[in-house]
Amino acid sequence: MSRLRSVVAAVAIFIAAPVLAQEQIEHFTVTDIAQTRMVNIDATVRGFGDVLAVTPLTHVPTDYLSRATAVSGGRFVAWLAQSDNYPGSDLFLFDRRTRTVSTATAALPPPPPGARSASFFSLLGADTHRPRLFVVEQRFSGPGPVQTVWTVDLRGGPPVALATLDWSVYGFGYAAESDEAFINDSGGPGPATMLVVNATTGAEVRRFTRPLRSYGALTEPAGRVVWVNDGLGMRTLDARTGAVLATSPFFQSGSSTYDPVRGVLFVRQSDFLVVVDPLRLTEIGRARVAFTPPQALMSESTETLLGRWMTGAYVVRSSFRYGNTTCNEISIDALDATGARRATADILSRLGPGGNASCNARGFVFRSPFAPTALASVVNGGTASLTWKDPGDTTHFELEFGFAPGQRAGAIAVGTATSIAIPGVPPGVYYVRVKAHNEVGPSPASSDVRIVVP
């Protein structure tokens, strides 16, 4: 025990038995967005396809709701809604822990003088590494619309203007590792422009033009490539030069998700989830992720969510049927890798009677983070220093150590930093790994690093 105390010096140690990583526990929040209300439903899924509970969380009366998004760390859902003095917008946050809703109107940039009646905001997305949102403000002044993209930090401080365009934003992507925002405009009468800016300061990093109008701006975390759509289909672009690396007429970037762990694209194509090589845009494999709706179905809206380890998918469905003008079905279907339905959570029936004139359900998978990567160590005398890469969606890190591979003799809480220096380490051989935590639970551990202190 004295050896362990000297290893961490003044840093706290938690001696504990090995704990099971909760990498297969996911939390769904399904938002039923209609014109006058929003219902959040929390469905907890343990493992794949095992629905444990569906619980109504809150009702939020509003005049208008934008699409909602999950905020880094898994605790909050954020959306924009028009306030009573329409068309001014309010920023809403739903706390999944306390099940309360708060507004953060002051977080939004103020409208230009005299322009509030012609200015509104839309939510573009969220930063997976920081509690930040990206919004676009549109106002009508002069011959056409003017759109400004803003970074809004939920921790406080004024919003930062990233870019102002004379035309519409046709795609937005964010590369967390390079902290760069990729803003794709419509081009108006001229060529489309891809503008790359620093997402913290708003400083322009580079820009390049496209001969055809492009849609979408899906990026990978390092910001090396970006995927867009134009008249020829989906393209992989070099994010530094804009050079076309690959083109495929079969896929659409707007229905794609990049998996940074496996380095592949998952593309929704009709009834299938297709695994795609991100550079060549060639198909690697596919699985059916939709099913034939009932004959009586009048209208259906679906959204496909990827499973924790991409072994399957979850489909959030909302629909209404002939003879009933209200939204009367919202459900989650868990599908395995072959597309077979494993479980269904019928949400609306658990909320009691009633419905909405329109229904467009959107789902979120809150999951424990992926394992931290790039763990590296440096030993200088009796000080051991370690660094690692944040996988995103984290609230804090934990350093585990032992005297054999995989052994957990103790742990050190690291906070949000991605590095630590431990002084006064006595001579010996140590095995160290890092876990990332969020509201859902811990990630799998990183690979062990062997540290030898002479």
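Structure first, text after, so check above.
Source: prediction; values computed, not measured.

**Student:** Before we move on, could you go through the packing of aromatic side chains and cite the residues and values that matter?
**Tutor:** Tallied over the entire structure, the rule returns eight aromatic pairs. Between Phe 364 and Phe 366, the aromatic rings sit 6.3 Å apart at their centres with planes inclined by 40°, giving tilted as the arrangement. Across this residue pair, the class does not change: Phe 364 and Phe 366 are buried. Ring pairs connect the aromatic residues Phe 134, Phe 172 and Tyr 174, which therefore count as one cluster.

**Student:** Describe the sheet that holds strand 23 (residues 272–276), listing the residues and the values that go with them.
**Tutor:** Ordered by their spatial adjacency, four strands build an open sheet running 21-22-23-24, and the pairing between neighbours is antiparallel. Where the open sheet ends on each side, the last strands, each with one partner, are strand 21 (256–259) and strand 24 (283–288). Here the average twist between neighbouring strands, direction ignored, is 20°. Across four bridges, strand 21 lies against strand 22 (residues 264–269) in antiparallel orientation. Across the sheet, residue Thr 257 finds its bridge partner in strand 22, namely Phe 266.

**Student:** Go over the nonpolar core, please, and point to the residues and values.
**Tutor:** Core analysis: the largest hydrophobic core is formed by 20 residues, its most contacted members being Leu 386, Trp 388, Leu 399, Ile 420 and Ile 451. Every element with two or more residues in this core is listed here: strand 31 (383–389), strand 32 (396–402), strand 33 (410–415), strand 34 (419–422), strand 35 (428–437) and strand 36 (449–453). If you tally residues by element for this core, the top one is strand 35, at four residues. Sequence-distant contacts of Trp 388, that is, excluding residues within four places in its chain, are made with Pro 372, Thr 373, Ala 374, Leu 375, Phe 397, Val 414, Ala 417, Thr 418, Ser 419, Ile 420 and Val 434. In terms of nonpolar packing, the next biggest core, distinct from the first, is built from 18 residues, Ile 332, Ala 334, Ile 347 and Ala 361 among them.

**Student:** Any chance you could break down the pairing of strand 18 (residues 225–230) for me, citing the residues and the numbers?
**Tutor:** When you tally the buried positions in strand 18, you get six out of six residues, the bulk of the element. Because side chains alternate across strand 18, one face comprises the buried residues Val 225, Trp 227 and Asn 229, and the other comprises Val 226, Val 228 and Asp 230, equally buried. In terms of strand pairing, strand 17 (residues 215–219) meets strand 18 through three bridges, oriented antiparallel. Its bridge partner being in strand 18, Thr 219 is matched across the sheet by Val 226. Counting the residues that bridge the hairpin from strand 17 to strand 18 gives five residues, and of these Gly 223 lies at a positive phi of roughly 70°. Relative to strand 19 (residues 233–238), strand 18 runs antiparallel, the two being bridged by six bridges. From the neighbouring strand, Val 228 faces strand 19, where its bridge partner is Arg 235.

**Student:** Go over the side chain of Ser 256 with me, naming the residues and quoting the values.
**Tutor:** Here Ser 256 lies in strand 21. Since its relative accessible area comes to 11%, Ser 256 is described here as buried. Look past the residues within four positions of Ser 256 in its chain and what remains in contact with it is Leu 218, Met 234, Phe 266 and Val 267.

**Student:** Can you tell me about the layout of surface pockets, naming the residues and giving the values?
**Tutor:** Of the voids in this model, the second largest pocket is the one considered here, and its volume is about 300 Å³. As for the second largest pocket, its lining consists of 13 residues, of which His 129, Arg 130, Asp 390, Thr 394 and Thr 416 are closest to the centre. By residue class, the composition of the lining of the second largest pocket is three nonpolar, five polar and five charged.

**Student:** Go over the side chain of Arg 206 with me, naming the residues and quoting the values.
**Tutor:** Tracing the backbone shows Arg 206 in strand 16 (residues 204–210). Taking the relative accessible area as the measure of exposure, Arg 206 reaches 12% and is therefore buried. Separated by 2.7 Å, the side chain of Arg 206 and the backbone oxygen of Ala 239 make a polar contact. Apart from residues lying up to four places away in sequence, Arg 206 is in contact with Glu 180, Phe 182, Met 194, Leu 195, Val 196, Gly 223, Ala 239 and Arg 240.

**Student:** Go over unusual backbone geometry, please, and point to the residues and values.
**Tutor:** For Leu 281, which is not glycine, the phi dihedral falls at a positive 60°. Structurally, Leu 281 is set in the loop between strand 23 and strand 24. Classification of Leu 281 by relative accessible area gives buried; the value is 4%. Even without a glycine there, the phi angle at Ala 374 is positive, about 55°. By secondary structure assignment, the location of Ala 374 is in strand 30 (residues 373–380). Owing to a relative accessible area of 52%, Ala 374 belongs among the exposed residues under this scheme.

**Student:** Can you break down the pattern of salt bridges residue by residue, with the values?
**Tutor:** Per the stated rule, a full pass over the model turns up 21 salt bridges. The partner of Glu 180 in a salt bridge is Arg 206, with the nearest N and O atoms 3.3 Å apart. Taken together, the residues Glu 180 in strand 14 (residues 180–185) and Arg 206 in strand 16 connect sequence positions 26 residues apart. The exposure class of Glu 180 is buried, given its relative accessible area of 7%. A salt bridge links Arg 433 to Glu 400; the nearest nitrogen and oxygen atoms lie 3.3 Å apart. With Arg 433 in strand 35 and Glu 400 in strand 32, the pair connects residues that are 33 residues apart, well separated along the chain. Since its relative accessible area comes to 3%, Arg 433 is described here as buried.

**Student:** Residue-level account of the environment of Ala 203, with values.
**Tutor:** Its location among the elements puts Ala 203 in the loop between strand 15 (192–198) and strand 16. Separated by 40 residues in the primary sequence, Ala 203 and Ala 163 have C-alpha atoms spaced 8.9 Å apart. Contact partners of Ala 203, with chain neighbours within four places excluded, come to Val 197 and Asn 198.

The rules we used
Residues numbered from 1 in each chain as written. Predicted model: local features only at pLDDT ≥ 70, side-chain atom pairs only at ≥ 80, totals over all residues. Heavy atoms only, no water. Phe/Tyr/Trp six-rings, centres within 6.5 Å; stacked < 30°, edge-to-face > 60°. Buried < 20%, exposed > 50% of the residue type's maximum accessible area, 1.4 Å probe, protein only. Pairing = 2+ DSSP bridges. Helix = DSSP H or I, 4+ residues; strand = E, 2+ residues; numbered from the N terminus. Axes fitted to C-alpha atoms, helices over the stretch in contact; angles between N-to-C directions. Core = buried A, V, L, I, M, F, W, Y, C linked by side-chain atoms within 4.5 Å. Contact = heavy atoms within 4.5 Å. 1 Å grid on protein atoms, 1.4 Å probe; cavity = no way out; pocket = protein on both sides within 12 Å on 5 of 7 lines; lining within 4 Å. Points joined across faces, edges and corners; volume = space filled by probe spheres on them. Nonpolar A, V, L, I, M, F, W, Y, C, P; charged D, E, K, R; others polar. Polar contact = N/O pair within 3.5 Å; in protein donor to acceptor, adjacent residues only side chain to side chain. Salt bridge = Lys/Arg side-chain N within 4 Å of Asp/Glu carboxyl O.

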